[in-house]
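Observations on chain architecture
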Amino acid sequence: MNIVAAVRRLRDNLGFWLTALGQEAMDLSLRTHADLRTRIVESPGTTLDDAALAALVADLRIIAGKTLPAGDLTYGIFSGQREALARAIITLVSDASTGRPIAFNALAVMQVARAGETQEVVHLGLVMVDPDARGQGLSGVLYGLTTLLLFIRDGLRPKWISNVTQVPAVAGMVCETFSDVYPSPQPEARQSFAHLELARGIMRAHRAVFGVGDEAGFDEARFVITDAYTGGSDALKKTFEAAPKHRDDIYNGFCARELDYARGDDLLQLGRIDLAAARRYLLREIPSGSLPALLATSAMLALQRMILPLLHWLDDTRPFGTLRPRLPSGEAAP
């Protein structure tokens, strides 16, 4: 029976990945835990009909209702407006037998001006978990699976990610999962000019994505948004005592030092998903020392050292290092 279940799960996983790479806008479902099913819906505001969109938003509100007794959220995906949901990627975890929604993540894809070009940044977005379902190891699915899918679908090219939070557990997870994260308490963390350009672009044009009002300040040296809970996200504001802590106290101390919780500050974190981040994610999800873990590591190293540089070099439609595309984006060859 265990062999049959393992074969069935392998078949489902292979089907999931093949479908993911073949869909222009993802709408996928996969059993990620023994009794849980995860659905990933890309751009539901443009791909779902009215009934399906209303059902999806209703599931999100059910989770929010159990997570935020103090009040309802009024911005972004909870508005039910197609415009807000058109740029979102929803990861929804439900009970496989009853269909009861228990957790979600709402990513948003932002187009940010940088160095005279437009840079795509994936905002990790809002995450909520039913209090009755916490402790089931859902963070890997909610934060990592969808960004990994986007990374693979884009030809394994590094992608910028952003995150706005005052929760130490989330800030630490971002630091440990992604590459080149700033701000971070890790000694190697550095603010590059790319970090600063993207942060300025996000704060200038995309505050509505994470519910921060125009009156909120931004400390460019520390990447701290001051008085952040003024743009419809007021119900998310927490005290330091109430904010979930990370298992490594370095992140708890970092947030306590950098953020004024009484005022309502947030960190704006920027990092990248690249092969190193993908490898860390896969090895965290696969048992350490197992044959699958060894195969995953070997495959990642082969891609990083030999295969990907050649593929990216031969692709004349996108930039590679200092090289620029042969033709402007969208222009056909004569």
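Position numbers for residues start from 1 in each chain and track the written sequence from start to end. Local features in this predicted model are restricted to residues of pLDDT 70 or higher, and side-chain atom pairs are both shown and tallied only at a pLDDT of 80 or more, whereas totals for entire chains, interfaces and linings draw on every residue. By convention in this description, side-chain values take in all heavy atoms of the structure and omit both hydrogens and water.

Some points on the overall build of the chain
Worth spelling out the cut-off: By definition, any uninterrupted DSSP run of H or I lasting at least four residues is a helix, any uninterrupted run of E lasting at least two residues is a strand, and each is numbered from the N terminus. Each residue's exposure class comes from its accessible area (1.4 Å probe, protein chains only) as a fraction of the maximum for that residue type: buried when under 20%, exposed when over 50%, partly exposed otherwise. The contact criterion used is simple: two residues touch if any of their non-hydrogen atoms lie within 4.5 Å. Note on areas: Shrake-Rupley with a 1.4 Å probe; residue coverage comes only from the protein chains shown.
Within the chain, the secondary structure is distributed over ten helices and ten strands. Classification of the 334 residues of the chain by burial places 45% in the buried group. Excluding contacts between residues fewer than 6 apart, the proportion of contacts in the chain whose partners are at least 24 apart in sequence is 65%. Only carbon and sulfur atoms are counted for the fraction: they give 56% of the accessible area of the chain, which is about 16600 Å².

Let's talk about the packing of aromatic side chains
Selection rule: In summary, the pairing rule links any two rings of Phe, Tyr or Trp, Trp by its six-membered ring, whose centres are within 6.5 Å, and it sorts them by plane angle into stacked for under 30 degrees, edge-to-face for over 60 and tilted for everything else.
Under the definition given, this model contains three aromatic pairs. When the ring of Y182 is compared with that of F223, the centres are 5.1 Å apart and the planes differ by 80°; the resulting orientation is edge-to-face. In this pair, Y182 sits in strand β7 (residues 179–182) while F223 sits in the loop between β8 (217–219) and β9 (224–226), placing the two residues 41 residues apart along the sequence. We classify F223 as buried; its relative accessible area is 0%.

Section: the confidence of the model for the chain
For residues with low pLDDT, the predicted coordinates do not support detailed interpretation. Keep this limit in mind: Per residue, pLDDT measures the predictor's confidence, with a range of 0 to 100.
Confidence along the chain averages 81 in pLDDT terms, with 75% of residues attaining 70 or more. No element of the chain has a lower mean pLDDT than helix α10 (residues 291–314), which averages 52, and none a higher one than helix α8 (residues 249–258), which averages 98. The low-confidence segment residues 287–294, where pLDDT is below 50, has four contacts with residues more than four positions distant or belonging to other chains.

Describing the packing of helix α6 (residues 168–177) against α8
Helix packing geometry: the angle between the two helix axes and the distance between the axes. Basically, it comes down to this: Helix axes use the C-alpha atoms of the stretch in contact, all axes being lines fitted to C-alpha atoms, and the angles between their N-to-C directions lie in the range 0 to 180 degrees. With respect to orientation, any angle under 35 degrees is reported as roughly parallel, any angle over 145 as roughly antiparallel, any angle of 65 to 115 as roughly perpendicular, and every other angle as oblique. Helix crossings fall into two classes, left-handed where the near helix is turned counterclockwise from the far one by less than a right angle and right-handed where it is turned clockwise. Side-chain classes are defined by residue name, with Ala, Val, Leu, Ile, Met, Phe, Trp, Tyr, Cys and Pro counting as nonpolar, Asp, Glu, Lys and Arg as charged, and the others, Gly among them, as polar.
Put simply, α6 and α8 touch, their axes get as near as 9 Å, and they point 120° apart. The orientation of α6 relative to α8 falls into the category oblique. In the crossing of α6 with α8, the sense of the turn from one axis to the other is right-handed. Side by side, α6 and α8 meet where P168, A171, G172, C175 and E176 of the first sit next to Y251, N252 and C255 of the second. Of the residues that constitute the contact of α6 with α8, the class distribution is five nonpolar, two polar and one charged.

A short note on the environment of L145
Looking at the element boundaries, L145 is found in helix α5 (residues 139–153). Classification of L145 as buried rests on a relative accessible area of 9%.

What about the pattern of salt bridges?
Proximity of charged atoms lets side chains of opposite charge pair with each other. Note the threshold: Here a salt bridge means any side-chain nitrogen of Lys or Arg lying within 4 Å of a carboxyl oxygen belonging to Asp or Glu.
This model, assessed by the stated rule, comprises 14 salt bridges. Across the salt bridge formed by R222 and D219, the nearest N and O atoms sit 2.9 Å from each other. On the basis of relative accessible area, R222 is assigned to the partly exposed category, the value being 27%. Note that D274 and R272 form a salt bridge whose closest N and O atoms lie 3.9 Å from each other.

So, α6
Burial analysis of α6 places eight of its ten residues in the buried class, the great majority of the element. Within the sequence span of α6, burial applies to P168, V170, A171, G172, M173, V174, C175 and T177.

Focus: α5
Since the α-helix packs 3.6 residues into each turn, any two residues three or four apart lie on the same face. Applied cut-off: In this scheme, a helix's expected span is set at 1.5 Å multiplied by one less than its residue total. Note on bend: the value at a residue is the angle between axes fitted to the seven residues ending there and to the seven starting there.
With 15 residues, α5 ought to run about 21 Å at 1.5 Å a step, and its terminal C-alpha atoms sit 21 Å apart, in line with that. Bending of α5 peaks at approximately 30° at the position of L145. Positioned one or two residues after α5, G155 has a phi angle of 75°, which is positive.

With respect to the environment of G213
As for its placement among the helices and strands, G213 is situated in the loop between α7 (193–205) and β8. It is 8.9 Å that separates the C-alpha atoms of G213 and D227, two residues lying 14 residues apart in sequence. Every residue in contact with G213, bar those within four places of it in the chain, is listed here: R207, A228, T230 and G231.

Quick look at unusual backbone geometry
The step from Y182 to P183 runs through a cis peptide bond, and the omega angle for that step is 0°. Tracing the backbone shows P183 in the loop between β7 and α7. Here D180, not a glycine, exhibits a phi torsion of approximately 55°, which is positive. Take D180: it is sitting in strand β7. According to the relative accessible area criterion, D180 is partly exposed, its value standing at 42%. Phi is positive for F223, which is not a glycine, with a value near 55°.

Describing the nonpolar core
Put simply, the test is: The criterion is simple. A nonpolar core is a set of buried Ala, Val, Leu, Ile, Met, Phe, Trp, Tyr and Cys residues joined through side-chain atoms within 4.5 Å.
In this structure, I77, F78, I90, F104, M128, F210 and I225 are the most contacted members of the largest nonpolar core, which totals 43 residues. Put simply, the parts of the chain that give this core at least two residues each are α3 (50–67), β3 (88–95), β4 (101–114), β5 (117–129), β6 (159–165), α7 and β10 (266–273). Within the second largest apolar cluster, 37 residues are counted, among which are I40, I102, F178 and L275.

Structural notes on the pairing of β10
How we decide: Each pair of strands is called paired provided DSSP finds at least two bridges between the two strands.
Judged by how many residues are buried, β10 sits mostly within the fold: seven of eight residues are covered. The sheet contact formed by β6 and β10 spans seven bridges and is antiparallel. Residue N163 lies in a different strand from β10, and its bridge partner there is Q269.

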